[in-house]
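Here's the letter readout for the chains.
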Amino acid sequence: MKRFSLLSARAGATFMSPAGLLVGAFVIVPFFWVIFVSFTNRSLLGPTALNPDFVWFQNYIELFTSGRGVEPGTFGFSLILTVQFVLFSALIGQALLGLLLAWLLQQVPKSVKGFTETMVIGAWILPEVVIGFAWFAFLDYDNGTLNGILDALGLPRGDWLLDYPFWVIVVFNTWRGTAFSMMLFNSAFASIPPSYFQAADVAGASSWQKFRDIGLPLIRGHVVTDLILITMWTFNVFTPFLLTRGGPGGQTEVLSIYTYRVAFRDFDFGKGAAVGVVVMLINLAFALFYLWVARKRTPRKEAT
Amino acid sequence: MGRFAHLHFSRVGFTALTALIGAIFALPLVWFLFAPFNPRAELGLAIPRPFSFSNFGTVLENDFAIRALLNSLIQSVGGVVCVAFAATLASYALSRSSLPGKGAVTYVLLLFSSVVSGSAAMVPIFLMISRVGLIDTHLAVIFVFAGGLLPTAMFILRDFIDGIPRSYEESAMVAGASPTQAFFDVALPVIRPGVVVVVVWAFVNIWGSFLIPFILLRSAEKMPASVAIYSFYSEAGTPIVTLLAAYALLYSIPVVVLYLFVSWKFGFRFFGGIKA
């Protein structure tokens, strides 16, 4: 039986139009426009600002041939840096720490659980500029809390932002984003029937055995979801800019910051757009992979 | 007996480890807990003596800071109104109408919105906004956010509307209501909790954002608080820490309050959805 539809196709189209206009103008048009601009030598100022030339693949050739990925300030360097940033801060930092925290939170007293959860979630919900400023104060060489603690413990202080900028943004991003993985895994663990663990308790299993043989295998799907999502977010994140501005000497210039500098500091829109296209292609690969995994896991019935 | 002791020991160990991780997460924020109330605050950690609200007075006297908070409010409320209005209508149509291909629409839009991220699209968005002459206007920020947040908002709301029995509107229409009346008088009141979630989510996103207003706005009178805070601490010379600490706290309050509101009202399942 064909279902009686509450809204005619015409009324439906009318209802769709405000959203269609906004998404069309500010998501879909930019998607195609950035591809077009990436084939031109458009700049902010000068003669090519109004009448850019079509330069075909020149921007892309420049991106992939200059610097060979070793000198800061080149595209290759930023691409490799971003991959390392994602690997250390998202896949290792956020996911492992989130998994560990989610497991620990299942078996600690309520007060400790509440305290740790609040702190981890607090790091995640506060606005990014506030976090950037808090870390700026935290890492300050002369008075910062971190060096203060190191002094008190009799350990040598460090000029962190100057000497270890990459590790600073890795730790910073791990700290900032672990909450998502923790909450996802926490609710995944909570959905496992308690009787599984009770049976393991009776058999005398240790926490590690329960984790390895019951917890982890049962939340494998959530782990895959988590890894793809945090990879995509970390790959595009601009927040390290608020702490290091890509410096010192371009050492923390991940792709988002590189795009910003090329387009809005060097005013080379054509090249900035080419980076944007490369970033979008990588995003597209991740997003398609994610949709494929999500569809395989939950076959969704489409309403007809 | 030995096994019991072992279990007890590991429980204590787990508790200590969890508390330690919590404490490490707290460290970068401890300073931020004290400095706003310390009239002589510096970047160093110090217990305020005397404990005072004078820093907040300094903020209230700073016209630029207050105007920036107001700008944040204008841009967030404007964006939220656009998102809530357009997403409610669109997701109702996606759930209830007979539009062809509507099942795929949400997925295609979600795909686009996750591919066209802020860092990938900053160049074309800037060029488009310049082309239509909206650079350095609140409207530019409002529209760009509305477009970017809509796909996810529609996804959340469509799921919500799909969960509401169609018989509500059907019985209204049997009783003689027009489709429009069925939407406004019957469906809308039932959808409201879903709209509240979308409103809070969109507000928090726009309120906390930095990159889009940083690129699209030029003049100091239009800057939202996020850009103002960044310019306060990134400009040459030592930042006015007392002002900045109190200001950053004021700016954070709406986000924390809304977060607590959503977790109190809707519980744990929306925690993952409130951000990103």
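As the structure is a prediction and not an experimental result, all values here were calculated from the model.

Engineer: Requested: an account of the overall build of chain A, with residues and values cited.
Structural biologist: Each helix and strand in chain A was counted, giving 14 helices and zero strands. Scanning chain A from its N terminus toward the C terminus, one meets helices and strands in the order α-α-α-α-α-α-α-α-α-α-α-α-α-α. Across its three principal axes, chain A shows a C-alpha extent of roughly 75 × 75 × 30 Å. Counting the 304 residues in chain A, one finds 44% classified as buried. Here the contacts in chain A between residues at least 6 apart in sequence split such that 68% fall between residues at least 24 apart.

Engineer: Talk me through the domain arrangement of chain B; I want residue IDs and the actual numbers.
Structural biologist: Residue and element names in this part refer to chain B. Taken domain by domain, chain B consists of domain 1 (1–52) and domain 2 (59–270). One C-alpha centre belongs to domain 1, the other to domain 2, and the line joining them spans 34 Å. Domain 1 puts seven residues into the contact, and the matching count from domain 2 is five residues. Taken together, the residues of the side of domain 1 that touches domain 2 sort by class into six nonpolar, no polar and one charged.

Engineer: Account for the interface of chain B and chain A, naming residues and giving values.
Structural biologist: The interface of chain B with chain A comprises 87 residues on the first partner and 85 residues on the second. Its residues placed into classes, the side of chain B that touches chain A shows 61 nonpolar, 19 polar and seven charged.

Engineer: Describe the UniProt feature "transmembrane region" (unreviewed entry) in chain B, with residues and values.
Structural biologist: Residues and elements named next belong to chain B. Taken from the UniProt record, the annotation "transmembrane region" (unreviewed entry) applies to residues 12–34, 73–94, 106–127, 139–157, 195–216 and 236–262. Taken end to end, residues 73–94 has its terminal C-alpha atoms 31 Å apart, with 100% of it in helix and 0% in strand. Measuring from the first to the last C-alpha atom of residues 106–127 gives 27 Å, for a span that is 91% helix and 0% strand.

Engineer: Go over unusual backbone geometry with me, naming the residues and quoting the values.
Structural biologist: The phi dihedral of Arg245(A) is positive, around 55 degrees, even though this residue is not glycine. Here Arg245(A) is to be found in the loop between helix 12 (241–244) and helix 13 (255–264). Looking at Arg245(A), the number of C-beta atoms within 10 Å reads 15, which means it is partly exposed. At Asp136(B), a position not held by glycine, the phi torsion is positive, near 65 degrees. Structurally, Asp136(B) can be placed in the loop between helix 5 (118–131) and helix 6 (138–162). Residue Asp136(B) is classed as partly exposed on the basis of its C-beta count, with 15 C-beta atoms lying within 10 Å.

Engineer: Account for the confidence of the model for chain A, naming residues and giving values.
Structural biologist: On average, residues of chain A carry a pLDDT of 83, and 92% of them reach 70 or more. In this model residues 299–304 of chain A is a low-confidence stretch, pLDDT under 50, and it forms three contacts with partners more than four residues away in sequence or in other chains.

Engineer: Tell me about the packing of helix 1 (residues 9–37) of chain A against helix 3 (residues 63–96) of chain B, and name the residues and values.
Structural biologist: Between helix 1 of chain A and helix 3 of chain B, the shortest axis-to-axis distance is 8 Å and the interhelical angle comes to 140 degrees. Put simply, helix 1 of chain A runs oblique to helix 3 of chain B. Every pair of crossing elements has a handedness; the one defined by helix 1 of chain A and helix 3 of chain B is left-handed. Contact residues: helix 1 of chain A offers Gly12(A), Phe15(A), Met16(A), Pro18(A), Ala19(A) and Leu22(A), while helix 3 of chain B offers Cys82(B), Phe85(B), Ala86(B), Ala87(B), Leu89(B), Ala90(B), Tyr92(B) and Ala93(B).

Engineer: Please provide a residue-by-residue account of the nonpolar core, values included.
Structural biologist: Residues and elements named next belong to chain B. One finds Val83, Leu150 and Ile229 to be the most contacted residues of the largest nonpolar core, which totals 165 residues. Residues from two domains meet in this core; each of domain 1 (1–52) and domain 2 (59–270) gives at least three. What Val83 contacts, discounting residues up to four positions off in sequence, is Ala146, Leu149, Leu150, Ala153, Val198 and Ala202.

Engineer: Now, about the packing of helix 4 (residues 110–125) of chain A against helix 8 (residues 165–190) of chain A: what can you tell me, with residues and values included?
Structural biologist: Residues and elements named next belong to chain A. Across the interface, helix 4 lies against helix 8 with an axial gap of 7 Å and an inter-helix angle of 115 degrees. Helix-helix and strand crossings are classified by hand; for helix 4 and helix 8 the assignment is left-handed. Contacts from Val120, Ile121, Ala123 and Trp124 of helix 4 reach helix 8 at Trp175, Arg176, Gly177, Thr178, Ala179, Phe180 and Met182. For the contact of helix 4 with helix 8, the class distribution of residues is eight nonpolar, two polar and one charged.

Engineer: Go over helix 8 of chain A, please, and point to the residues and values.
Structural biologist: With 26 residues, helix 8 of chain A ought to run about 38 Å at 1.5 Å a step, and its terminal C-alpha atoms sit 38 Å apart, in line with that. The principal kink in helix 8 of chain A, of about 45 degrees, is found at Gly177(A).

Engineer: Go over the confidence of the model for chain B, please, and point to the residues and values.
Structural biologist: All names here are of chain B. Residues at a pLDDT of 70 or more form 92% of chain B, whose mean pLDDT is 82. Note that pLDDT drops below 50 for residues 269–276; the model gives that stretch 18 contacts with residues more than four away or on any other chain. For this predicted complex, the interface confidence score (ipTM) comes to 0.83, while the overall pTM stands at 0.86.

Thresholds applied
Residues numbered from 1 in each chain as written. Chains lettered and ligands numbered in written order. Predicted model: local features only at pLDDT ≥ 70, side-chain atom pairs only at ≥ 80, totals over all residues. Helix = DSSP H or I, 4+ residues; strand = E, 2+ residues; numbered from the N terminus. Buried ≥ 20, exposed ≤ 12 C-beta atoms within 10 Å, placed from the backbone. Contact = placed C-beta atoms within 7 Å. Domains from an automatic or database assignment. Nonpolar A, V, L, I, M, F, W, Y, C, P; charged D, E, K, R; others polar. UniProt positions renumbered as here; feature names shortened; annotations may be inferred. pLDDT = per-residue confidence, 0-100. Axes fitted to C-alpha atoms, helices over the stretch in contact; angles between N-to-C directions. Parallel < 35°, antiparallel > 145°, perpendicular 65-115°, else oblique. Left-handed = near helix turned anticlockwise from the far one by under 90°. Core = buried A, V, L, I, M, F, W, Y, C linked by C-beta atoms within 7 Å. Expected span 1.5 Å × (residues − 1). Bend = angle between axes of the 7 residues up to and from the residue.

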